[in-house]
Amino acid sequence: ASALRRTQDGSLALGAVPWLLALPPFAWLSILSGSWARRRAMARAARPHQIALRAARQHLANAEAAARRGDATVFHAEAAAAVTDAVRAQARAEIGGLTRPALREHLVRRGAGDELAIAVTTHLDGCDVARFGSAGAAQLADEAARLRSLVQRIEALELRPEEAA
């Protein structure tokens, strides 16, 4: 006996047949979209330094805007975050738990050079102190220019990998 039966109007009652025919294309699309999403997630996980670099640039822009407004507290908080994220991006390692001397040593060991390592730690120390002080708008504009220069120097770094350091 055939699974197909005629309805009262003479057409065939197909039941689940169209759904069963549509199943292979839907399964194929599911597999494709799943592999695309998996590749995209793996690519994002492989590039956390680019995410940190974007964050550093955003903090830099926020610091410059705060300097234009004359908001010293926000400027110094954003400046410290910009430098920290830029170093984290270039080092491809988490540096938040390091003390300033340990950070300086880490940067020198990875090939940043004494001058830049000292500039980074001095800047971070200065931000910690100045965040709770007051600075004039002209002074903030000068500091913003120095901050941009420091972040650009950090971005230009080619640090050695941790295991080679």
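Parameters at a glance
- Once a new chain begins, its residue numbering starts again from 1 and follows that chain's sequence as written.
- Thresholds applied to this predicted model are a pLDDT of at least 70 for local features of residues and 80 or more for the giving and counting of side-chain atom pairs; totals over whole chains, interfaces and linings are not thresholded and use all residues.
- By convention in this description, side-chain values take in all heavy atoms of the structure and omit both hydrogens and water.
- Numbering of helices and strands runs from the N terminus, with a helix taken as a DSSP run of H or I at least four residues long and a strand as a DSSP run of E at least two residues long.
- For this analysis, residues touch if any pair of their heavy atoms sits within 4.5 Å.
- Areas reported here follow the Shrake-Rupley algorithm with a probe of radius 1.4 Å; residue values treat only the protein chains shown as occluding.
- Only protein chains enter the accessibility calculation, which uses a 1.4 Å probe; a residue whose area is less than 20% of its type maximum is buried, one above 50% is exposed, and one in between is partly exposed.
- Within this analysis, the arc is defined by the directions that extend from the helix axis to the C-beta atoms.
- Only the stretch in contact is used when a helix axis is fitted, and all axes are lines through C-alpha atoms; the angle between N-to-C directions ranges over 0 to 180 degrees.
- If an angle is under 35 degrees, it is roughly parallel; if it is over 145, roughly antiparallel; if it lies from 65 to 115, roughly perpendicular; otherwise it is oblique.
- Note: crossing handedness is left-handed where the near helix turns anticlockwise from the far helix by less than a right angle, and right-handed where it turns clockwise.
- Patches here are clusters of residues that have more than 30% relative accessible area and form no salt bridge, with a 9 Å joining cutoff for like charges and a 5 Å cutoff for nonpolar side chains (Val, Leu, Ile, Met, Phe, Trp, Tyr).
- Salt-bridge detection follows one rule: a side-chain nitrogen of Lys or Arg within 4 Å of a carboxyl oxygen of Asp or Glu.
- Buried residues of nine kinds, namely Ala, Val, Leu, Ile, Met, Phe, Trp, Tyr and Cys, make up a nonpolar core once their side-chain atoms join them within 4.5 Å.
- For a helix, the expected span equals 1.5 Å multiplied by the residue count minus one.

Right, let's talk about the overall build of the chain for a bit. Counting its secondary structure elements, the chain contains six helices and two strands. Mapped from its N terminus to its C terminus, the chain presents α and β elements in the order β-β-α-α-α-α-α-α. A sequence separation of at least 24 residues applies to 67% of the contacts in the chain between residues at least 6 apart. Of the accessible surface of the chain, which amounts to about 10600 Å², a share of 59% is contributed by carbon and sulfur atoms.

Our focus in this paragraph is helix α4 (residues 100–109). Taken residue by residue, α4 has L103, H106 and L107 as its buried positions. In a view along the axis of α4, the buried residues occupy a sector of 95°, so they form one face of it. Turned more than 90 degrees from where α4 packs its buried face, P101 and E105 sit exposed. Close packing links the buried residues of α4 with α3 (72–91) and α5 (114–130). After α4 finishes, the residue G111 shows a positive phi value of roughly 105°.

This part is about the environment of A52. Tracing the backbone shows A52 in helix α2 (residues 48–69). Among the residues examined, A52 registers a relative accessible area of 3% and is labelled buried. Each C-alpha atom, one on A52 and one on Q90, is 8.8 Å from the other, the two residues being 38 residues apart in sequence.

This part covers the packing of α2 against α3. In contact at an axis separation of 7 Å, α2 and α3 are set at 160° when each is read in the N-to-C sense. In this view, α2 runs roughly antiparallel relative to α3, as classed from their interaxial angle. Here the hand of the crossing between α2 and α3 comes out left-handed. Across from H49, A52, L53, A55, A56, H59, L60, N62, A63, A66, A67 and R69 in α2, the residues of α3 making contact are V74, F75, E78, A79, A81, A82, D85, A86, R88, A89 and Q90.

On the surface, F26, W28, L29 and L32 cluster together into a nonpolar patch covering about 450 Å² of accessible area. Position of L29 relative to the elements: it lies in helix α1 (residues 17–46).

What follows deals with the nonpolar core. Within the largest apolar cluster, 31 residues are counted, with the highest numbers of intra-cluster contacts made by F75, V83, V87, L107, V120, L147 and I154. With nine residues, α3 is the single largest residue contributor to this core. Residues contacting F75, with those up to four places away along its chain left out, are A63, A66, A67, L140, E143, A144 and L147.

Now for the environment of Q139. With respect to the helices and strands, Q139 occurs in helix α6 (residues 137–155). On the basis of relative accessible area, Q139 is assigned to the partly exposed category, the value being 41%.

Further remarks concern α2. Its 22 residues place the ends of α2 32 Å apart at the C-alpha level, agreeing with the 32 Å of an ideal helix rising 1.5 Å per residue. Along α2, the residues classified as buried are H49, A52, L53, A56, L60, A63, E64, A66 and A67. In a view along the axis of α2, the buried residues occupy a sector of 160°, so they form one face of it. In α2, the exposed positions angled more than 90 degrees off the buried face are occupied by R54, R68 and R69. Remark: G70 follows α2 within two positions and exhibits a positive phi of approximately 80°.

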